[in-house]
Amino acid sequence: MYKIVSALFLAENIKKIEIEAPRIAKKRKAGQFVMIRVGESGERIPLTIAGSDPEKGTITIIVQGMGKSTKELNSKEAGDTVSDVVGPLGAASHIEKFGTAVSIGGGVGTAIAYPTAVALKEGGNYVITINGARSKDLVILEQEMKAVSDEAYITTDDGSYGFHGFVTQKLQELIDSGKTIDYVLAIGPIPMMRAVAEVTRPYKIKTVVSLNPIMVDGTGMCGGCRVSVDNQIKFACVDGPEFDAHLVDFKNLSDRNKIYQTEEKQSSEAWVHECKLFKTV
Amino acid sequence: MDAQHITTKERLAIPRQVMPAQPPEVRIYNFNEVHLGYTPELAIQEALRCIQCKDPVCIKGCPVNIKIDQFIKMIAEGNFLGAAKKIKEDNVLPAICGRVCPQEDQCEKMCILTKKHESVAIGNLERFAADYERETGKVELPSVKPSSGKKVAVIGSGPAGLSCANDLIQLGHAVTVFEALHELGGVLVYGIPEFRLPKTIVKAEIEGLKQLGVKFVTNAVAGRSITVDELLKEEGFDAVFVGVGAGLPWFMGIPGENLLGVYSANEFLTRVNLMKSYQFPDNDTPVFNCKGKNVAVFGGGNTALDAVRTAKRLGAEHAYIVYRRSEAEMPARLEELHHAQKEGIEFMLLMNPVEFIGNDEQWLTGVRCIRMELGEPDDSGRRRPVPIPDSEFILPIDMAIISIGNGSNPLIKQTTPDIEVSKRDTIVVDINTMATSKDNVYAGGDIVTGGATVILAMGAGRTAAAAINEKLMGSDHDR
Ligand SMILES: Cc1cc2nc3c(=O)[nH]c(=O)nc-3n(C[C@H](O)[C@H](O)[C@H](O)COP(=O)(O)OP(=O)(O)OC[C@H]3O[C@@H](n4cnc5c(N)ncnc54)[C@H](O)[C@@H]3O)c2cc1C
Ligand SMILES: Cc1cc2nc3c(=O)[nH]c(=O)nc-3n(C[C@H](O)[C@H](O)[C@H](O)COP(=O)(O)OP(=O)(O)OC[C@H]3O[C@@H](n4cnc5c(N)ncnc54)[C@H](O)[C@@H]3O)c2cc1C
Ligand code: SF4
Ligand code: SF4
Ligand code: FES
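Residues numbered from 1 in each chain as written. Chains lettered and ligands numbered in written order. Predicted model: local features only at pLDDT ≥ 70, side-chain atom pairs only at ≥ 80, totals over all residues. Heavy atoms only, no water.

## Some thoughts on the overall build of chain B
- Each helix and strand in chain B was counted, giving 19 helices and 16 strands.
- Its C-alpha atoms give chain B principal-axis dimensions of roughly 70 × 65 × 50 Å.
- Within chain B, contacts between residues at least 6 apart in sequence are counted, and of these 69% link residues at least 24 apart.
- Summing over all exposed atoms, chain B offers an accessible surface of approximately 19800 Å²; the carbon and sulfur share of this is 51%.
- Across chain B, the mean location of the 52 positive side-chain charges is 4 Å away from that of the 62 negative side-chain charges. (Helix = DSSP H or I, 4+ residues; strand = E, 2+ residues; numbered from the N terminus. Contact = heavy atoms within 4.5 Å. Areas by Shrake-Rupley, 256 points an atom, 1.4 Å probe, with all protein chains shown as cover. Lys, Arg positive; Asp, Glu negative; His and termini not counted. Charge placed at Lys NZ, Arg CZ, Asp CG, Glu CD.)

Take a look at the structure:
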């Protein structure tokens, strides 16, 4: 059992949760994730480590309620527990002094990009962050991002805050302004990562994305998390999750992530129904 | 007839006792164990068949040299608990090995009776004695030597790790087992299905180790949560045993392998066994809905048979084994092959897939296969399958499960570069001690041999435990 130390909604449906996990807190590096099993009958779901406090022995995750497992996790409060937390998993982000690095986060992807943005800054880069959300109330980590950025931009699809448009439009604007960009990190929904890859491809800007295939063990045993990169099979939980955006087969990833759509809907509806019965939400 | 007054002729006249089993038409609808076990009467009958050879050659066929003649004699005399104890002198997991050892290639192959009659059912008897002991609640904990003050870390809780931990704790060393998953037991829990090896048995064996004082830490991934060097330098362990098993599954590298509905056997079995997705939605982890579908498993080993029989139990209309050689070359246990045949598994032998075919939504709809014939023997001594030209055809399937073996898990190699690995990334050891190239680090099981067997992994764990003890206590420890 792993104890939740604090839990706080950052936006509707997006919760920041701090969990006791001393070994992981001590070891984790930017770009790595944990697998969490909320309860004894739960699935193992991957979640990026957004931050840690080695002294306190805690890690922080930022979770978007998508289906049963993430909604159940987001119903937890300080003092509650989850059954299992294992990590840190995945290869750490490759950090070097690239020069000017742009970190792009879309939706909850902002949370996943945040630790790497911090590491890029510590690595001596000029860091530009672009964080996109559908609308103003879904913007997360604005202050944190500002604090690690040399330039920070917010974009909203509906124009309710910051730049009106997509993160890719902002990126294109930066490129067009004549800025030399040496490195781009993009994390968010698959269509967004794919669009970023297409923006940077003609300029040959090194672009890295963090992929989110469905995982089971997360330790390199099952082969379920395989993705196609440069027409080769790679395993996101041990070879990734970060890969060269220009070599990733995004279409295949987005197809494969739909495999359990029917079952996911069934679980999620059953859970919401149960919660209504017991009035826990 | 009793054990004292029976002639060899009378012994030889007793037919091999068949172990009662669930009928095929019943068991394909449940995940309960296929075999029901011997009754005491059946066990005694079977034990009486053993002619108690002066030179019991069966023992040479057992990788851990169980005193087979002696324990069988005890069963024949009705001393079931004594038999269990005798077996446990050499094998800590008899209820498991009795069920899953490929006996026809090991102990039973060597049994003298095999030449003219059927061999003694050594595995069945071993299982009986162990089950009897456990079910009657009379398991006696072995004695543990006084504390040596030494600490050993075991990485991985599969059969190699468990047997190593068992021997070390009895020798008086403090043992902590670090396991990556949330459950203990390795392939015994996530690979081999419930209908072949009930998980309560694995749990009971592990419970026994806990009572002896072995500490277990789940959710601890060596190389990630903690490295071998940290265990040795920071956490004060005097030695480390690495028993992390085989690693990532191999794929075939043919077109269409990333279509929806194409699984590795590891993923399919892990979802069903470890994550219990056969109880979806009561358990949250889903798996491909096999009901009424056509499922093909590619491969011919134990894993392939476990996968295909699991798919059948999940409701598959047609469950095929597609194997590129013939039945004689299948590496699976013979008994499982027979069980599968009775369960209506369809064997497509001498066929090889060349391409998976999908629809517009990328769901698998079929597999293009080519027929094969057997040519000259290859390196493994088995006749090499060669494609027959122009013999391609399409088999309509909704799900494919690839079961052609595993590579090695890369985590230890990536994080402990001073442990020497082979070209296949298996860990290189001295087979007499299981010592790796790194001081005080030992390894055994599938990570050394590549995918092998439970009993070989256990044997390796024991060899390592003996060598570790030797190393820790110096040469004068047994004087
Ligand atoms: C390396 C990695 C890091 C991630 N980090 C974060 C994070 O920091 N915050 C966050 O909110 N989300 C993160 N995700 C996504 C998160 O794991 C999924 O949203 C979650 O598993 C969905 O489970 P569910 O039951 O709530 O939803 P479901 O209804 O089951 O699924 C919703 C969608 O999530 C995906 N999904 C489902 N099951 C899994 C699974 N076992 N593994 C991976 N994806 C799955 C599928 O694409 C599915 O369509 C990450 C994913 C990966 C692979
Ligand atoms: C489906 C299937 C059916 C089989 N059927 C039979 C059979 O009938 N008879 C038979 O004799 N053999 C059978 N085998 C083979 C047999 O199970 C293996 O040879 C045996 O389990 C190997 O034991 P092991 O201890 O080396 O590894 P494993 O059993 O694989 O255990 C390794 C353990 O280490 C853990 N681990 C891995 N990496 C790390 C890490 N970095 N840190 C911490 N822990 C880690 C794993 O999670 C696992 O629990 C079968 C195998 C499979 C897959
Ligand atoms: S452990 Fe395996 S090989 Fe040895 S006697 Fe038992 S069944 Fe036979
Ligand atoms: S070889 Fe066969 S008959 Fe002889 S002792 Fe062994 S089991 Fe008994
Ligand atoms: S999640 Fe199983 S191998 Fe990556």
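Next, the rest of the story.
## As for the site of ligand 4
- Taken together, B:C50, B:I51, B:C53, B:P56, B:C58, B:D69, B:C111, B:I112 and B:V120 form the complete shell of residues around ligand 4.
- Because more than half of its atoms lie within 2 Å of the grid, ligand 4 is assigned to the second largest cavity. (Near = heavy atom within 4 Å. 1 Å grid on protein atoms, 1.4 Å probe; cavity = no way out; pocket = protein on both sides within 12 Å on 5 of 7 lines; lining within 4 Å. Sits in = over half its atoms within 2 Å of the grid points.)

## Overview of the site of ligand 2
All names here are of chain B.
- Residues in close proximity to ligand 2 total 35 residues, the closest being V100, E179, R196, A222 and D446.
- Take P159: an N or O atom from its main chain is 3.3 Å from an oxygen atom of ligand 2.
- Between ligand 2 and the protein, one listed contact pairs an oxygen atom with a side-chain N or O atom of R196 at 2.8 Å.
- In isolation ligand 2 exposes 1000 Å². Once the protein is present, 95% of that is buried.
- Among the secondary structure elements, those contributing two or more residues to the shell around ligand 2 are helix 10 (159-170), helix 11 (187-190), helix 15 (302-313) and helix 19 (454-473).
- Looking at the shell around ligand 2, the element that brings in the most residues is helix 15, giving three residues.
- A per-class count over the shell around ligand 2 returns 19 nonpolar, eleven polar and five charged. (Polar contact = N/O pair within 3.5 Å; in protein donor to acceptor, adjacent residues only side chain to side chain. Nonpolar A, V, L, I, M, F, W, Y, C, P; charged D, E, K, R; others polar.)

## A few points about empty space enclosed by the protein
- Overall, the coordinates contain six cavities of 30 Å³ or more when judged by the stated rule.
- Surrounding the largest cavity, 15 residues form its lining, A:I214, A:G224, A:R256, A:I259 and B:E267 being those nearest its centre.
- Those elements that place two or more of their residues in the lining of the largest cavity are helix 7 (250-256) of chain A together with strand 6 (262-264) and helix 14 (265-274) of chain B.
- Counted by class, the lining of the largest cavity contains eight nonpolar, three polar and four charged residues.
- If you add up the space inside the second largest cavity, you get close to 100 Å³. (Points joined across faces, edges and corners; volume = space filled by probe spheres on them.)

## Considerations on the nonpolar core
- In this structure, B:I68, B:F71 and B:I75 are the most contacted members of the largest nonpolar core, which totals 103 residues.
- Among the elements that line this core, the one with the most residues is helix 19 of chain B, at ten residues.
- Residues A:L171, B:F251, B:I397 and B:L411 belong to the second largest nonpolar core, which totals 60 residues. (Core = buried A, V, L, I, M, F, W, Y, C linked by side-chain atoms within 4.5 Å. Buried < 20%, exposed > 50% of the residue type's maximum accessible area, 1.4 Å probe, protein only.)

## Some remarks on the pattern of salt bridges
All names here are of chain B.
- Per the stated rule, a full pass over the model turns up 46 salt bridges over all chains.
- Between R16 and E108 there is a salt bridge; the shortest N-O distance is 3.1 Å. Here E108 lies in helix 8 (residues 107-110) and R16 lies in the loop between helix 1 (8-13) and helix 2 (24-27), a separation of 92 residues in the sequence.
- Across the pair K233 and D229 runs a salt bridge whose closest N-O atoms are separated by 3.7 Å. In this pair, K233 and D229 are both assigned in helix 13 (residues 228-233), four residues apart and thus about one turn of the helix distant.
- Classification of D229 as partly exposed rests on a relative accessible area of 21%.
- Connected through shared salt-bridge partners, R27, R196, D306, R309, R313, R333, E335, E336 and E343 make up one network. (Salt bridge = Lys/Arg side-chain N within 4 Å of Asp/Glu carboxyl O.)

## Looking at the interface of chain A and chain B
- In this assembly, 44 residues from chain A lie in contact with 46 residues from chain B.
- For the chain A and chain B pair, buried surface summed over both sides reaches about 3900 Å², with 53% attributable to carbon and sulfur atoms.
- Interface area lost by chain A to chain B is led by A:R23, A:M221 and A:Y260, which between them contribute 18%.
- On inspection of chain A and its partner chain B, the count reaches three salt bridges.
- One salt bridge in this structure joins B:E230 and A:K27, with 2.8 Å as the shortest N-O distance.
- At the junction of chain A with chain B, the criterion picks out 19 residue pairs in polar contact (both at pLDDT 80 or more).
- Contributing elements (two or more residues each) for the side of chain A that touches chain B: helix 1 (22-27), helix 2 (68-74), strand 8 (84-89), strand 15 (226-229), strand 16 (232-235), helix 7 and helix 8 (261-278) of chain A.
- In terms of residue count, strand 8 of chain A provides more of the side of chain A that touches chain B than any other element does, six residues in total.
- Class assignment of the residues belonging to the side of chain A that touches chain B gives a composition of 16 nonpolar, 13 polar and 15 charged. (Buried area = accessible area lost by both parts, 1.4 Å probe.)

## Some remarks on the environment of B:L472
Residue and element names in this part refer to chain B.
- Mapped onto the elements of the fold, L472 is located in helix 19.
- In this structure, the C-alpha to C-alpha distance between L472 and E355, residues 117 residues apart in sequence, is 54 Å.
- If near-sequence neighbours (up to four positions away) are discounted, L472 is found in contact with K150, V152, H173, D238 and A239.

## Focus on the sheet that holds strand 17 (residues 242-244) of chain A
Residue and element names in this part refer to chain A.
- The seven strands are arranged 12-11-10-9-13-14-17 in an open sheet whose pairing can be described as mixed. Of all the strands in the sheet, just strand 12 (163-164) and strand 17 have a single pairing partner and so form its edges.
- Pairing of strand 14 (residues 206-210) with strand 17 involves three bridges; the strand directions are antiparallel. Bridged to S210 within strand 17 is E242.
- Of the strands in this sheet, strand 9 (100-106), strand 10 (126-133), strand 13 (183-187), strand 14 and strand 17 are in contact with helix 3 (residues 109-122), which crosses strand 9 at around 165°.
- Across the sheet, helix 6 (residues 190-200) lies against strand 9, strand 13 and strand 14, angled at about 160° from strand 13, the strand it touches most. (Pairing = 2+ DSSP bridges. Axes fitted to C-alpha atoms, helices over the stretch in contact; angles between N-to-C directions.)

## With respect to helix 5 (residues 68-76) of chain B
Residue and element names in this part refer to chain B.
- Here helix 5 has its buried residues at I68, D69, F71, I72, I75 and A76.
- Where helix 5 is buried, its residues touch helix 3 (40-48), helix 4 (58-61), helix 6 (80-88), helix 8 and helix 9 (122-135).
- Two residues or fewer after helix 5 comes G78, characterised by a positive phi angle close to 85°.

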